[in-house]
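Single-letter residue listing:
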Amino acid sequence: MSKKVRIGMVGAGWMGRAHVSSYMSAYSIYGEKIGEPVFSILMDVNEESAKSSAEKFGFKKWTTDYNDVINSDDVDIVDIVTPNAFHYEIAKAALLKGKSVYSEKPLSLSGKQSQELAKIAKEKNVFNYVGFNMVMMPATAYMKHLVESGKLGQIMRFDGRYDQDMLLDPSIPLAWRHIKKQAGSGALGDLGSHLLSISQYIMGDIESVNAISKIYIPKRPIKAGSTKMGNVETEDYIAFTASYKNGATGQLSSSRVATGRKNYLGVEIQGTLGTATFNLERLNEVNVYFHKDKSIDRGFRNVLLGPDHGDYGMFQPASGIELSYNDQKVIEVAHVLDAFTNGTDYVCNFKFGAKIDTCVATILKSAETKQWEKVEEF
Ligand SMILES: NC(=O)c1ccc[n+]([C@@H]2O[C@H](COP(=O)([O-])OP(=O)(O)OC[C@H]3O[C@@H](n4cnc5c(N)ncnc54)[C@H](O)[C@@H]3O)[C@@H](O)[C@H]2O)c1
C-alpha cells in the first residue's frame, strides 16, 4: 500500500489547477512508490473560487484563511500557488509550524527574504521545494550531461533568452504581474527566472551582472474595456551580461512583448569542443555540434530526446513520441512526492530558489545603477 501524502493548497488559479492535475498524473505514471496524493484542504482569498475549485479538484475541505491550512493535522505538504507577493509570508508561517512546503517560483520578492526562507527550512529540517519545472526537462538533463561529461570541452558561453508576446497588446489590462509590490519584477521574474534556473543547474553560480531594462507599454487599462489607465511598474524587457564563477560568460535576456515569440526559451552553450542549442518551442529536441567530427561531416545534429534523457522514459518508450509542456510539471510533482515519501535527492530546494531570487534582485539593481553588480554569496 502506498503512503498517503496529504496536500494543503493555497491558491486556486491557473497553477493551482496545474498542480492538482500533475499530482494525479504523477501518481498514475510513476506509480504508488512515490506516495499517493490526497487533497485535504484548499484555500483561496476568493470564497467562490475556493469553494467551487475544492469541489472540482476533489479537496475534502475549503477555506479563505491560510492559517487553516498550515494548522491542519491533515496536511503534510503546504503547496503555495498564490501570486508572488504572498509566497514569503505563507511559506514562513508554514515552515515555522514545521510543515513541509512546495512553493511556486519565486520564493519571495527579494533575495534576502528567500535566503531567510532557505535558512528556516534548513533549521526546521523539513522538505522544501520551489517550482522551477524547467530544471526537470529531459532537454536540461541532456545539456547538463553534455557539459559535465566534458563533451563540449571548456564552457565559454551560456547565452539564453526567454521571449513571449503575451503582453504585446496594449489593451490587455493591468494585473498583479504589472505591479512591483505584487510581482517583484516583470519579464525577469516571470520568464527570465526560468532561464536563470537552467543556468544555475548547468553552469553554477553567477558572480556579477550588468543589466538594462525597459517598459515599452507604460500604461494599461485598469480593467478590461476601461478607458481609465494605470501605470505599469514592472519591466517588459530585460537583458544582462553575466560573469560565471566557472570563468564562462553569458548574455541573457527576456521579453514579454517579443512580437511573434510565443514561448521561446532559447539556450546556446558554447564550449571549446562543441555547442548545444535548445528552444522550448521544440522541447523534445537538442541540437549539438562536435568540433572533433571530421571537417567533411561537421554540422549541427538534431538529437530527438528519448528514454536516455532525464525522466523521458517514464512517459514514452521511444524518442519521437514527444513529451508535452505539461509533462514538465508532472515530472516536478513526481520528484516532490518521491523526495517527500522516500527521501530522494532533489535539486530545486529553497537554497536553489534563493540563489535565483538573489540573482534577480542583483540584475534589477544593476539595471537601475547601470553598473556591474556583484551577486551576494550565501
Ligand atoms: N512554474 C511555472 O511555470 C509557472 C507558471 C505560471 C505561474 N507560476 C507561478 O504560480 C503562481 C500563481 O500564478 P497563477 O498564474 O496561478 O496566478 P492566478 O492569478 O491564475 O491565480 C492565483 C490565485 O491565487 C488567489 N489568491 C490571490 N491572493 C491570494 C492570497 N493572499 N491567498 C490565497 N490565494 C490568493 C487568487 O484568487 C487566484 O485564485 C505565481 O507565483 C506564478 O509566478 C509558475
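Definitions and cut-offs
- Residues numbered from 1 in each chain as written.
- Predicted model: local features only at pLDDT ≥ 70, side-chain atom pairs only at ≥ 80, totals over all residues.
- Heavy atoms only, no water.
- Domains from an automatic or database assignment.
- Contact = heavy atoms within 4.5 Å.
- Buried area = accessible area lost by both parts, 1.4 Å probe.
- Helix = DSSP H or I, 4+ residues; strand = E, 2+ residues; numbered from the N terminus.
- Expected span 1.5 Å × (residues − 1).
- Buried < 20%, exposed > 50% of the residue type's maximum accessible area, 1.4 Å probe, protein only.
- UniProt positions renumbered as here; feature names shortened; annotations may be inferred.
- Near = heavy atom within 4 Å.
- Polar contact = N/O pair within 3.5 Å; in protein donor to acceptor, adjacent residues only side chain to side chain.
- Areas by Shrake-Rupley, 256 points an atom, 1.4 Å probe, with all protein chains shown as cover.
- Pairing = 2+ DSSP bridges.
- Axes fitted to C-alpha atoms, helices over the stretch in contact; angles between N-to-C directions.
- Parallel < 35°, antiparallel > 145°, perpendicular 65-115°, else oblique.
- Nonpolar A, V, L, I, M, F, W, Y, C, P; charged D, E, K, R; others polar.

- The protein chain is annotated in an unreviewed UniProt entry as Dehydrogenase of Clostridium algifaecis.

1. What to know about the domain arrangement of the protein chain
- The assigned domain composition of the protein chain is domain 1 (4-134) and domain 2 (137-321 + 347-374).
- Tallying the contact residues gives 27 residues for domain 1 and 32 residues for domain 2.
- Roughly 2,300 Å² is buried in total at the junction of domain 1 and domain 2, and carbon and sulfur atoms are behind 66% of that figure.
- In terms of surface lost to domain 2, no three residues of domain 1 exceed Tyr30, Phe132 and Met134, which account for 34% of the buried area on that side.

2. Digging into helix α1 (residues 14-30)
- Helix length check: α1 (17 residues) gives 24 Å between terminal C-alpha atoms against 24 Å at 1.5 Å per residue, within 8%.
- The complete set of buried residues in α1 reads Gly16, Ala18, His19, Val20, Ser22, Tyr23, Ala26 and Tyr30.
- Immediately downstream of α1, the backbone of glycine 31 shows phi near 95°, a positive value.

3. Considerations on the UniProt feature "domain: Gfo/Idh/MocA-like oxidoreductase N-terminal" (unreviewed entry) in the protein chain
- The UniProt record marks residues 5-132 with the feature "domain: Gfo/Idh/MocA-like oxidoreductase N-terminal" (unreviewed entry), using the residue numbering of this structure.
- The straight-line gap between the two end C-alpha atoms of residues 5-132 is 21 Å; of that span, 45% is helix and 22% is strand.

4. Brief notes about the UniProt feature "domain: GFO/IDH/MocA-like oxidoreductase" (unreviewed entry) in the protein chain
- Residues given the UniProt feature "domain: GFO/IDH/MocA-like oxidoreductase" (unreviewed entry) here are residues 142-276.
- Helix and strand shares over residues 142-276 are 21% and 37% respectively, and the end C-alpha atoms of the span are 10 Å apart.

5. Overview of the site of the ligand
- Around the ligand, the surrounding shell holds 24 residues, and the nearest of these are Met15, Asp44, Asn84, His87 and Asn133.
- One of the side-chain nitrogen or oxygen atoms of tryptophan 176 is found 3.3 Å away from an oxygen atom of the ligand.
- Separating a nitrogen atom of the ligand from a side-chain N or O atom of lysine 329 is a distance of 3.3 Å.
- Notes on the ligand: free accessible area 850 Å², of which the protein chains cover 85%.
- Elements represented by at least two residues in the shell around the ligand include exactly α1 and α10 (325-342).
- Counting contributing residues, the shell around the ligand receives three or more from each of domain 1 (4-134) and domain 2 (137-321 + 347-374).

6. Some points on the pairing of strand β7 (residues 155-163)
- The sheet contact formed by β7 and strand β13 (residues 264-271) spans eight bridges and is antiparallel. From the neighbouring strand, glycine 160 faces β13, where its bridge partner is valine 267.
- Where β7 lies against strand β12 (residues 249-255), seven bridges are found, and the strand directions are parallel. Considered in β12, the bridge of aspartate 159 is made with glutamine 251.

7. A closer look at the sheet that holds strand β3 (residues 61-63)
- Ordered in space as β3-β2-β1-β4-β5-β6, the six strands form an open sheet in which the pairing is parallel. Each edge of the sheet is formed by a strand with only one pairing partner; in this case those strands are β3 and β6 (128-130). When the angles between neighbouring strand axes are averaged without regard to direction, this sheet yields 25°.
- Bridge count for strand β5 (residues 100-103) against β6 is three bridges, and the pairing is parallel.

8. A closer look at the packing of helix α5 (residues 111-124) against helix α11 (residues 350-369)
- α11 packs onto α5 with a crossing angle of 170° between their chain directions and a minimal axis gap of 8 Å. Accordingly, the angle class assigned to the pair α5 and α11 is roughly antiparallel. Here Gly111, Ser114, Gln115, Leu117, Ala118 and Ala121 of α5 lie close against α11, whose contacting residues are Phe350, Lys351, Ala354, Asp357, Thr358 and Ala361.
- Across the contact of α5 with α11, the residue classes break down as six nonpolar, four polar and two charged.

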